[in-house]
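Listed here are the chains, written in short residue letters.
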Amino acid sequence: MNFNRKDLSDDQLRHIYIELLRPRLIEEKMLVLLRQGKIAKWFSGIGQEAIAVGCGLGLDKDEYILPMHRNLGVFTTRQIPLHRLFAQWQGKPGGFTNGRDRSFHFGTQEFKIIGMISHLGPQLGVADGIALGNLLKKNNQVTAVFSGDGGSSEGDFHESLNVAAVWDLPVIFVVENNGYGLSTPSREQFRMKQFIDKGIGYGMEAVQVDGNNILETYRTFKRIAESIRANPRPVLLECLTFRMRGHEEASGTKYVPQELFDEWGKKDPLNNYENFLLKEKIIDEAFIALNRREIKQEIEKNL
Amino acid sequence: MNFNRKDLSDDQLRHIYIELLRPRLIEEKMLVLLRQGKIAKWFSGIGQEAIAVGCGLGLDKDEYILPMHRNLGVFTTRQIPLHRLFAQWQGKPGGFTNGRDRSFHFGTQEFKIIGMISHLGPQLGVADGIALGNLLKKNNQVTAVFSGDGGSSEGDFHESLNVAAVWDLPVIFVVENNGYGLSTPSREQFRMKQFIDKGIGYGMEAVQVDGNNILETYRTFKRIAESIRANPRPVLLECLTFRMRGHEEASGTKYVPQELFDEWGKKDPLNNYENFLLKEKIIDEAFIALNRREIKQEIEKNL
Amino acid sequence: MYNPATAPVIQPNSEKKTEKRYLDAISDGMRQAMQKFPDLVIMGQDIAEYGGVFKATQGFVEEFGKGRVRNTPICESAIIGAAQGLAINGMKAIVEMQFADFVTCGFNQIVNNLAKTHYRWGQSVDVVVRMPTGAGVNAGPFHSQSNEAWFVHTPGLKVVYPAFPGDAKGLMASAIEDPNPVMFFEHKGLYRSIAEEVHDDYYTVEIGKARLVKEGSDVSIITYGLGVHWALEAIKETGISADLIDLRTLLPWDQDAVEKSVRKTGRVIVLHEDTLTGGIGGEIAAHIAEHCFEHLDAPVVRSASLDTPVPMNVELEWNFLPKKRFVEQLKKLLTY
Amino acid sequence: MYNPATAPVIQPNSEKKTEKRYLDAISDGMRQAMQKFPDLVIMGQDIAEYGGVFKATQGFVEEFGKGRVRNTPICESAIIGAAQGLAINGMKAIVEMQFADFVTCGFNQIVNNLAKTHYRWGQSVDVVVRMPTGAGVNAGPFHSQSNEAWFVHTPGLKVVYPAFPGDAKGLMASAIEDPNPVMFFEHKGLYRSIAEEVHDDYYTVEIGKARLVKEGSDVSIITYGLGVHWALEAIKETGISADLIDLRTLLPWDQDAVEKSVRKTGRVIVLHEDTLTGGIGGEIAAHIAEHCFEHLDAPVVRSASLDTPVPMNVELEWNFLPKKRFVEQLKKLLTY
Ligand SMILES: Cc1ncc(C[n+]2csc(CCOP(=O)(O)OP(=O)(O)O)c2C)c(N)n1
Ligand SMILES: Cc1ncc(C[n+]2csc(CCOP(=O)(O)OP(=O)(O)O)c2C)c(N)n1
Ligand SMILES: [Mg+2]
Ligand SMILES: [Mg+2]
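Nothing here was measured: the structure is a model prediction, and the numbers come from that model.

Colleague: I'd like to hear about the overall build of chain C, residue by residue, with values.
Modeller: Helix and strand counts for chain C stand at 12 helices and 14 strands. The C-alpha atoms of chain C give 19 Å as radius of gyration, which agrees with the globular expectation for 336 residues (20 Å, within 12%). For chain C, the spread of C-alpha atoms along the principal axes amounts to about 60 × 45 × 40 Å. Counting across all 336 residues of chain C, residues that qualify as buried make up 73%. Of the contacts formed within chain C by residues at least 6 apart in sequence, a portion of 81% connects residues at least 24 apart. Working note: accessible area of chain C is about 9,700 Å², and carbon and sulfur atoms make up 49% of it. Computed over 33 positive and 42 negative side-chain charges, the inter-centroid distance for chain C is 1 Å.

Below is the structure:
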């Protein structure tokens, strides 16, 4: 994986590292809690963190993001206090739904995050409306909304992209293309070569990015957001990535060939970025150890 | 308008003429009946007949067609006795729904035509299922299904094209692109330049044709159908055309600029084809008069 | 369940009234709300220059501009979703279904997004979905449906269904003021067929309150929408002394008003245009049977359409609709 | 309304029985129907190699091939439409919703296409839509819904909801044999929690017939699905002598069986897991109140979930569900 720091300072690069590390460590803890029966369900985003984190860092804090079930990094980059997230996942008071809904199915105006409902697709239309609001208010804000590759087969995907195109809505439609929808591989979900091939059919710009390269994702979100703020329009952003733990913990990974795990394991967004920073001497092992310890403490403190 | 007869015999060219003339004359009569209050509603297909007629002639008689509200030519080329159509439109017994549903909202296994419900979009998924049945039966039959340009904004359009692509279903998705959905022009419906730009986004072949040129539409349907029978797969067929009487009789045409009527009036599918045949001396005025008289008699007899 | 804030009670500023048709009253209510709320946006198919297929938004684009009066592509789901997005972003939205029948293409957004969001994380969804509904217009199975019962069975929605121009205007204002999602049913058959003197000023009519249209002693007729007009005709025709209750709001419905009347008359017939099985009549009749049991002198009777789609042919349609059967059922009930 | 042809009554070829869980019984019914009908196709998300999220089609793709056991892209509407297309082309189809909650994304195809086609032009729509449904599994508002009432209010559909493995297998066979569109509800909470001896051979259980699960004299409990098991517990717990009627089919429902029991006991409670307002309980209670008025010794009581979405938290969820309230209501009814 090639990393190009361009004009990013050492501090910025380190900050990005910490933001990428945090969701990974939180997830690792959650997987333990899941095995202990303390949370009911978990959709792992391990392997895909660079997309959510790139998005969270690339947009301004007061711009709405509509993430999905694998996008913990959106929540952590917005600095939601972890005890609130944990309470939410455990269905306890102090979360965002007071036990009424589960996992990432909530929104918060405080952090400008609007979570999905379970149904795949409806959040895309909601993003259109939020963006229309921004357009009418002329506040130059961008909205980002996530879809999986599988979920893109829903009619809502088409309707929402089309409306955004016709109305010049300032939305980034992020497709996390991880090659699977639950057990079903891409070849049984669609036939186009890549998602960016859908752009021309909506009269919409489309951009493809290596979803595992945090500097690429971050910079792409930032660049598109800046451009859209100046010149409101939708952009389709395809992020190529992979789910390293299958669909959700309960469903196993038997249906995924081992070669894919091997191949994508080498492309792990955190390891690769860490190695790059180590090689460039921007961080050292002590830095890593310190930050892992600090984040773990933060996690324990908030549980 | 350029007509290229290629290997079509004079008889074939004349037959095509009669098939193109019949729906026009039926419609003209219906417009009279509408004014007399004998039928309740009418969506005129005048100006677009070359598509429905091309489809009806291009497919085999035992292949399913799923037409829309402007596709009288599909019904007439399948030689449905006119009295049954008239009874249907007047909500009388002897039609296809015995007064239960209106206008073209019916199906008939006898003529292998499956009419739409009012809702735009659902017929596309139904076509997928019919085509899947053919694929599983290995009977090498093609299915054709119609959508308007406006109706293509519905989620069902996307879902159905995608399923057809993934499953290699032998379906021709016909988009009659007439520039309007009711009062709303294309620029408020979508932003892509043309419908065939959607092909690549589904991994689907896409073909564009002058929808007002009967020899082009007929030959394109025939060619695609033959190809799909041998090699099952979906094809998106965009037919460029125009509604010469607006959306439906009750809604007027005020919202359409006169220039468009002028421009497209010159491209009338019947007049142009008639002129070509006259010029080539394949028919003469007497032939025209005779056929008009015969069809009108047929109409009166069946009323 | 709901955002507890409701529409304020607003009285008209003056007594000025003009004769308005049902359609004009709805249009008037929307126009004045557009003037009052600069953040209110209307979206729908052909609603801008064309004014909508029923012309309810005629002239709106000229007055409020294309930004706030928006022609949409033909897609119900994304637009209803967009309405929720506007609400999340602090605005208000009205979505016009071209016909109520087409709401099924945006059904998921309504029942799972609009209806459940406030319960889940406290976000109000300040959206009105306009539903030109109903039969008797010879338009067949897909342009005549009554589908209010699905929404009455969806916690989180409010469902409003006025029968008169005055109520239509005031309830439209309330629906827009109310921060909760409101399904606003408008009977197409009433648009141009009824008119009455309606206040010119802006005012609200409270959601959740029924109206006693006629007072009588022998029987309570509980109905709404076109049913109210059928009941009026039947009362006139038969001379029966009846309480005629127009529910006006179907969710939450006015149990107090209904119970009060039933306790007085001891006989009830519930009438609606919608089909019988699983219709709202069941809810109301069951409630009465459970909570007014000791006050009933006769079984609670339901009068509703046949359990089929709405046929197009005019004779089939009037056989489908309960109007004629209702009069018979009413007479029979009085002789019980 | 319906194609009058119904599923034939088929008795099992032998008395051989095996203990089967609810899920196995459903799976068994489908497998044997796949063997019997070479034109039957099953479609759904992850139903092929993966066997479906509940494993109801485990092993099917190996036995019947990928042609007839089809993983679909994630889109409910086109697939339900495709099922109708298969039926039009002379085949039969089963569509599995991954969760019943997601049917709202294909709602239009069901209520306007599947349900109305036979009425409109006489074409049967030989489709079964499988609906893994219900709460009590701690899965929150979007994986727990009971949405059968919407479909019971849609003329043209049949709605089936078995509570026991033996009924589940036989009703599945009937649903597939029946040429009409059938919504087949399966309670997720029952999949692996109940088992009984079930015939190994293929057989049908008639659609439209309720089952008297227990006989008693003091009260009639009318319910279905998980409610049947709650009622069994309640009867055991309280020792009350009750007729317990499991409706099994919700549309058309067995009015005769219900009326017969009510005439005997004079007291009725209708119980369902679904929310109260606008639920099926209203239909049944209203019907009883109208048609058994003179046989009632007490008001018809309804016991149902609270009018909110289904909360995730286990305490909230059990407070939402009527199980506990039901026992109180039942006892109170007996003292009326
Ligand atoms: C309307 C709807 N249908 C089906 C599902 C069940 N479901 C949940 S996640 C999932 C797979 C999603 O795949 P994809 O969109 O690629 O996202 P990923 O899990 O790969 O991130 C499915 C089928 C759903 N949530 N909503
Ligand atoms: C789901 C749905 N929404 C709205 C409508 C109302 N409607 C009927 S025809 C029409 C315009 C269709 O335009 P297009 O698809 O371009 O077909 P054309 O009339 O131009 O042939 C509209 C909006 C409908 N029939 N179905
Ligand atoms: Mg995926
Ligand atoms: Mg058009």
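On we go from here.
Colleague: Could you give an account of the site of ligand 2, with specific residues and numbers?
Modeller: With respect to spatial proximity, 22 residues lie near ligand 2, and among them Arg70, Asp149, Gly150 and Gly151 of chain B together with Glu76 of chain C are the closest. Surrounding ligand 2 is a set of residues that belongs to chains B and C. A distance of 2.6 Å separates an oxygen atom of ligand 2 from a polar side-chain atom of Arg70 of chain B. At a separation of 3.2 Å, a nitrogen atom of ligand 2 approaches a polar backbone atom of Leu120 of chain B. Grouping the amino acids of the shell around ligand 2 by side-chain chemistry returns six nonpolar, 11 polar and five charged.

Colleague: Hey, could you go over the site of ligand 1 for me, with residue numbers and the actual values?
Modeller: Within the structure, ligand 1 sits among 22 residues, and Arg70, Asp149, Gly150 and Gly151 of chain A together with Glu76 of chain D are positioned closest to it. Lying at an intersection of chains, ligand 1 is approached by residues of chains A and D. Within the backbone of Leu120 of chain A, an N or O atom sits 3.2 Å from a nitrogen atom of ligand 1. Coverage of ligand 1 by the protein chains reaches 96% of its 590 Å² of free accessible surface. The residue makeup of the shell around ligand 1, split by class, is six nonpolar, 11 polar and five charged.

Colleague: Requested: an account of the interface of chain D and chain C, with residues and values cited.
Modeller: Listed per partner, the contact involves 48 residues of chain D and 48 residues of chain C. Interface of chain D and chain C: buried area, both sides summed, is about 4,200 Å²; carbon and sulfur atoms make up 63% of it. Considering only the surface of chain D that becomes buried against chain C, Trp150, His153 and Phe293 of chain D emerge as the three largest contributors, covering 17% of it. In this assembly, chain D and chain C are joined by two salt bridges. Across the pair Glu283 of chain C and Arg302 of chain D runs a salt bridge whose closest N-O atoms are separated by 2.8 Å.

Colleague: I'd like to hear about the confidence of the model for chain C, residue by residue, with values.
Modeller: Per-residue confidence for chain C averages 98 on the pLDDT scale, and 100% of its residues sit at or above 70. In the predicted complex, the global pTM is 0.98; the interface-specific ipTM is 0.98.

Colleague: Go over the domain arrangement of chain C with me, naming the residues and quoting the values.
Modeller: Interface size is often expressed as the accessible area that is lost when the parts come together. Residue and element names in this part refer to chain C. What the domain assignment lists for chain C is domain 1 (18–199) and domain 2 (211–334). Put simply, the middle of domain 1 and the middle of domain 2, counted by C-alpha atoms, are 26 Å apart. With 29 residues of domain 1 at the contact, the number on the domain 2 side is 28 residues. Of the roughly 2,200 Å² buried where domain 1 meets domain 2, counting both sides, 61% is carbon and sulfur surface. Note that Arg248 is salt-bridged to Asp167, the shortest N-O span being 2.9 Å. The interface formed by domain 1 and domain 2 contains 12 residue pairs in polar contact (both at pLDDT 80 or more). Of all the secondary structure elements, the ones that give two or more residues to the side of domain 1 that touches domain 2 are helix H6 (148–152), strand S6 (158–160) and helix H7 (165–177). It is H6 that contributes the most residues to the side of domain 1 that touches domain 2, four residues altogether. Of the residues assigned to the side of domain 1 that touches domain 2, the class counts are 17 nonpolar, nine polar and three charged.

Colleague: Break down the relation of the copies chain D and chain C for me, citing the residues and quoting the values.
Modeller: Each copy superposes on the other: chain D lies on chain C with an RMSD of 0.0 Å after a rotation of 180° and an axial shift of 0.0 Å. When the rotation and shift are considered jointly, the pair of chain copies conforms to a two-fold rotation axis.

Colleague: How would you explain the pairing of strand S8 (residues 205–210) of chain A if you had to name every residue and give the values?
Modeller: All names here are of chain A. The pairing of S8 with strand S9 (residues 235–240) spans six bridges and is parallel. Its bridge partner lying in S9, Asp210 is registered against Leu240. Taken together, S8, helix H8 (residues 214–230) and S9 constitute a β-α-β crossover, and its handedness is right-handed.

Colleague: Kindly report on the coordination of the magnesium ion (ligand 4), identifying the contributing residues and their values.
Modeller: The coordination sphere of the magnesium ion (ligand 4) contains the protein donors Asp149 of chain B (OD), Asn178 of chain B (OD1) and Tyr180 of chain B (O), at a distance range of 2.0 to 2.1 Å. Of the residues examined, Tyr180 of chain B reaches a relative accessible area of 9% and is grouped as buried.

Colleague: Go over the sheet that holds strand S13 (residues 268–275) of chain D, please, and point to the residues and values.
Modeller: Strands in a sheet are paired, the pairing made by backbone hydrogen bonds, and the direction either parallel or antiparallel. Residues and elements named next belong to chain D. Pairing in this open sheet of five strands is mixed, and the strands run S9-S11-S10-S13-S14 from one edge to the other. Each edge of the open sheet is held by one strand with a lone partner, namely strand S9 (211–214) and strand S14 (301–305). Ignoring which end each strand starts from, the neighbouring axes of this sheet average 25° apart. In the sheet, S13 pairs with S14 via four bridges, with the strands oriented parallel. Looking across to S14, one finds that Val270 is bridged to Arg302. Docked against the sheet, helix H9 (residues 280–291) engages strand S10 (219–223), S13 and S14, running at close to 160° with respect to S13.

Colleague: Can you explain the pattern of salt bridges? Please cite residues and give values.
Modeller: A full pass over the atoms with the stated rule returns 76 salt bridges over all chains. A salt bridge links Glu263 of chain A to Lys267 of chain A; the nearest nitrogen and oxygen atoms lie 3.7 Å apart. On the basis of relative accessible area, Lys267 of chain A is assigned to the partly exposed category, the value being 29%. Measuring nitrogen to oxygen at the nearest pair gives 3.9 Å for the salt bridge that ties Asp10 of chain B to Arg14 of chain B.

Colleague: How would you explain the layout of surface pockets if you had to name every residue and give the values?
Modeller: Rolled over the atoms, a probe as big as a water molecule pinpoints where empty space is left. Of the voids in this model, the second largest pocket is the one considered here, and its volume is about 1,100 Å³. Forming the walls of the second largest pocket are 46 residues, and the residues nearest its centre are Lys41, Phe43 and His247 of chain B together with Phe99 and His143 of chain C. Of the residues belonging to the lining of the second largest pocket, the class tally is 18 nonpolar, 16 polar and 12 charged.

Cut-offs used in this document
Residues numbered from 1 in each chain as written. Chains lettered and ligands numbered in written order. Predicted model: local features only at pLDDT ≥ 70, side-chain atom pairs only at ≥ 80, totals over all residues. Heavy atoms only, no water. Helix = DSSP H or I, 4+ residues; strand = E, 2+ residues; numbered from the N terminus. Rg over C-alpha atoms; globule rule 2.2 N^0.38 Å. Buried < 20%, exposed > 50% of the residue type's maximum accessible area, 1.4 Å probe, protein only. Contact = heavy atoms within 4.5 Å. Areas by Shrake-Rupley, 256 points an atom, 1.4 Å probe, with all protein chains shown as cover. Lys, Arg positive; Asp, Glu negative; His and termini not counted. Charge placed at Lys NZ, Arg CZ, Asp CG, Glu CD. Near = heavy atom within 4 Å. Polar contact = N/O pair within 3.5 Å; in protein donor to acceptor, adjacent residues only side chain to side chain. Nonpolar A, V, L, I, M, F, W, Y, C, P; charged D, E, K, R; others polar. Buried area = accessible area lost by both parts, 1.4 Å probe. Salt bridge = Lys/Arg side-chain N within 4 Å of Asp/Glu carboxyl O. pLDDT = per-residue confidence, 0-100. Domains from an automatic or database assignment. Least-squares fit on C-alpha atoms with pLDDT ≥ 70 in both. Pairing = 2+ DSSP bridges. Right-handed = clockwise from strand over helix to strand, strands pointing away. Donors = N, O, S within 2.8 Å, 3.2 Å for Na, K, Ca; no water. Axes fitted to C-alpha atoms, helices over the stretch in contact; angles between N-to-C directions. 1 Å grid on protein atoms, 1.4 Å probe; cavity = no way out; pocket = protein on both sides within 12 Å on 5 of 7 lines; lining within 4 Å. Points joined across faces, edges and corners; volume = space filled by probe spheres on them.

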